[in-house]
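One letter stands for each residue in the lines below.
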Amino acid sequence: MTTGQNQRVLVAEDDPALRQLLITLLKLIGIEATAAHDGLDALNQLRDNPYDLAIIDLMMPRLDGYVVVRFLEEQRPATRAIVVSAVRSAQVNELARSRVVSAVVRKPFEIDELTAKIKESLQRSV
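Residues numbered from 1 in each chain as written. Predicted model: local features only at pLDDT ≥ 70, side-chain atom pairs only at ≥ 80, totals over all residues. Heavy atoms only, no water.

Caption draft 1: Summary view of the overall build of the chain. Each helix and strand in the chain was counted, giving five helices and five strands. Its helices and strands taken in sequence order, the chain reads β-α-β-α-β-α-β-α-β-α from the N to the C terminus. Dimensions along the principal axes, computed over C-alpha positions, put the chain at roughly 35 × 30 × 25 Å. Here the chain holds 126 residues, and the buried ones make up 48% of them. Considering only contacts in the chain between residues 6 or more positions apart, those separated by 24 or more positions represent 61%. Total accessible area on the chain is roughly 6300 Å²; 49% of this is exposed by carbon and sulfur atoms. (Helix = DSSP H or I, 4+ residues; strand = E, 2+ residues; numbered from the N terminus. Buried < 20%, exposed > 50% of the residue type's maximum accessible area, 1.4 Å probe, protein only. Contact = heavy atoms within 4.5 Å. Areas by Shrake-Rupley, 256 points an atom, 1.4 Å probe, with all protein chains shown as cover.)

Below, the structure written as structure tokens:
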């Protein structure tokens, strides 16, 4: 299967410029992408729509990325997650062991690194 073919990704990022960059990147590699501007928006979209992958910033207003990952674990275990964070902590390391988290990417990140993680995650979800 070609990466991107009928695959849907949710980008949950509160920084508008980074959110737009990620949406553009996904579209350039042929993946349908939807934006969520904070954790609550992400949770609502994940409840209402199927996604193959969610790219989740940890530190967002209203609900943080930890809550979004827990929702995926409990309600959408087939949806893979890539956690993006500048935070370095034991709690972030614990997230890396979640069955839904396929990668933790540290900010600032290289576009090529994130693109590779996205493709790997989507291939695992097939």
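Caption draft 2: How the structure looks around the environment of Gln75. Relative to the helices and strands, Gln75 is located in helix H3 (residues 65-75). Residue classification places Gln75 among the partly exposed residues on the basis of a relative accessible area of 45%. Sequence separation between Gln75 and Arg47 is 28 residues; the distance between their C-alpha atoms is 8.2 Å.

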